[in-house]
Amino acid sequence: MKIGIIGTGAIGGTIAKKMLVSGHSVKVNNSGDAEKLKARAEELGVSAATLNDVVRDVDIIILSVPTIAIPTLPKDLFANVPENVIVVDTSNYYPFRDADIDEIKNGKVESVWVSEQLERPVIKAFNNLLAETLANGEKESGAQNRIAMAIAGDDKEAKKIIAGLINDAGFDAVDSGDLSESWRHQPGTPAYCTELTAEELKQALFDAVKEEAPLLRDKTIIDLSTLPSYPSHQDVVKYNRGLFKKNPKSL
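Just so it is clear, the structure is predicted and the values come from calculations on it, not from any experiment.

Trainee: Help me out: how do you make sense of the overall build of the chain in this one?
Mentor: Looking only at helices and strands, the chain features 11 helices and 8 strands. Its C-alpha radius of gyration of 17 Å places the chain within 12% of the 18 Å reference for a compact globule of 251 residues. With the C-alpha coordinates aligned to their principal axes, the bounding extent of the chain is approximately 45 × 40 × 40 Å. For the chain, the proportion of its 251 residues judged to be buried stands at 51%. Long-range contacts, defined as pairs at least 24 residues apart, comprise 69% of the intrachain contacts of the chain with a sequence gap of at least 6. Put simply, the chain shows about 12300 Å² of open surface, and 51% of that area lies on carbon and sulfur atoms. The average position of the 29 basic charges and that of the 37 acidic charges among the side chains of the chain differ by 3 Å.

If you want it as structure tokens, here you go:
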């Protein structure tokens, strides 16, 4: 498939590399100048594209930028993008980074807000794993203890296609429901960055409590940022699992 990715950070860059290895055609754009974009694209082994070109003649557009950057995208960016092109949102809202977005703070589901900003339907995916997990936690399809990724959206056929990309990346896909249910795998929930199998992830999605998620999200940032040294990847996973008394997996 032909994939355009906006954002080449830890998540967007990893997705780009994995999609390329899986045989997809990938072009990327980021907020850097032309030379920095070219250098990053060469590092990833994919093509560099202008913002207007990255959304042109593709099957899938993946947005991998901070939530606060969504409204800064050109208002007409998708004006000539056909309706059958799937747009994927990978973002997670963190107030310390993204500032106060009143609608989200007042309870609007993050990816519903993103969809409204873009005036396009979106599929929520690639958001509930740490970058290190996404980069190195893959396993072959059918492998024991294969880590799963959640996916939400209102278009069932689009979700099937993105589930295929998730499988290409080395993970199982679990459908969490309509886009309005995507909060179930946002920060502060049992499904977020806890490295669960498909069956465990289904239980974690069910156990999520919407009102508690923002509080646990903010607690996590405070707790991890006040540690004397930066925690290891496994320590972060262990911490996230330990936030919940009903834990589908223990270390």
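That was the structure; now back to the text.
Trainee: Explain the environment of Phe244 here, please?
Mentor: Mapped onto the fold, Phe244 is located in the segment after helix 11 (233-242). A sequence separation of 98 residues divides Phe244 from Arg146, and the C-alpha atoms of the two residues are 22 Å apart. Apart from the residues within four sequence positions on either side, Phe244 is in contact with Gly188, Thr189, Pro190 and Leu216.

Trainee: What am I meant to see in the pairing of strand 7 (residues 148-152) here?
Mentor: Within a regular strand, side chains alternate between the sheet's two faces. Across the 5 residues of strand 7, 5 count as buried, placing the element largely inside the fold. Neither face of strand 7 is open: one carries Ala148, Ala150 and Ala152, the other Met149 and Ile151, and all of them are buried. Note that the unit made of strand 7, helix 8 (residues 156-169) and strand 8 (residues 172-177) has a crossover that is right-handed.

Trainee: So what exactly am I meant to see when it comes to the packing of helix 10 (residues 213-225) against helix 11 here?
Mentor: Geometrically, a packed helix pair is captured by the angle between its two axes and the distance between the axes. The geometry of helix 10 relative to helix 11 is characterised by a closest axis approach of 12 Å and an angle of 140° between their N-to-C directions. On the basis of their axis angle, the class for helix 10 and helix 11 is oblique. The two elements helix 10 and helix 11 cross, and the hand of that crossing is right-handed. Of helix 11, the residues touching helix 10 (which contributes Lys219, Thr220, Asp223 and Leu224) are Val236, Tyr239 and Asn240. Per-class residue counts for the contact of helix 10 with helix 11 are 3 nonpolar, 2 polar and 2 charged.

Trainee: In this structure, what is going on with the packing of aromatic side chains? I would like to understand it.
Mentor: For any pair of aromatic rings, the description rests on two quantities: the centre-to-centre distance and the angle between the ring planes. Enumeration over the complete set of coordinates arrives at 1 aromatic pair. Taking 5.9 Å as the distance between ring centres and 65° as the angle between the ring planes, the aromatic pair formed by Tyr94 and Phe96 counts as edge-to-face. A relative accessible area of 14% places Tyr94 in the buried class. A relative accessible area of 61% places Phe96 in the exposed class.

The rules behind each value
- In this convention, every chain numbers its residues from 1, walking through the sequence in written order.
- Local features in a predicted model are, by the rule used here, given only for residues with pLDDT of at least 70; side-chain atom pairs are given and counted only at 80 or more, and totals for whole chains, interfaces and linings are based on all residues.
- To get the side-chain values, all heavy atoms of the structure are used, and hydrogens and water are removed first.
- In this text, helices come from DSSP runs of H or I with a minimum length of four residues, and strands from runs of E with a minimum of two, each type numbered from the N-terminal end.
- For this measure, only C-alpha atoms enter the radius of gyration; the expected value for a globule follows 2.2 Å times N^0.38, where N is the number of residues.
- Only protein chains enter the area calculation, which uses a 1.4 Å probe; residues under 20% of their type maximum are buried, those over 50% are exposed, and those in between are partly exposed.
- What makes two residues a contact is simply this: any of their non-hydrogen atoms within 4.5 Å.
- Using a 1.4 Å probe, accessible areas were evaluated by the Shrake-Rupley method; residue-level cover was limited to the displayed protein chains.
- All tallies of charge rest on Lys and Arg as positive and Asp and Glu as negative; His and the ends of each chain are not included.
- Note that the charge is assigned to NZ on lysines, CZ on arginines, CG on aspartates and CD on glutamates.
- Every crossover in which the path from the first strand over the helix to the second runs clockwise, viewed with the strands pointing away from the viewer, is termed right-handed.
- Lines fitted to C-alpha atoms define the axes here, with helix axes fitted over just the stretch in contact, and angles between the N-to-C directions of these axes take values from 0 to 180 degrees.
- Convention used here: angles under 35 degrees read as roughly parallel, angles over 145 as roughly antiparallel, angles from 65 to 115 as roughly perpendicular, and any remaining angle as oblique.
- For any pair of crossing helices, the crossing counts as left-handed if the nearer helix is rotated counterclockwise from the farther one by less than a right angle, and right-handed if it is rotated clockwise.
- Three classes are used, and their members are as follows: Ala, Val, Leu, Ile, Met, Phe, Trp, Tyr, Cys and Pro are nonpolar, Asp, Glu, Lys and Arg are charged, and the others, Gly among them, are polar.
- Between the rings of Phe, Tyr and Trp (Trp by its six-membered ring), a pair exists once the centres lie within 6.5 Å; its type follows the angle of the planes, with under 30 degrees stacked, over 60 edge-to-face, and the other angles tilted.

Purely geometric stuff here, so don't read any function into it on its own.
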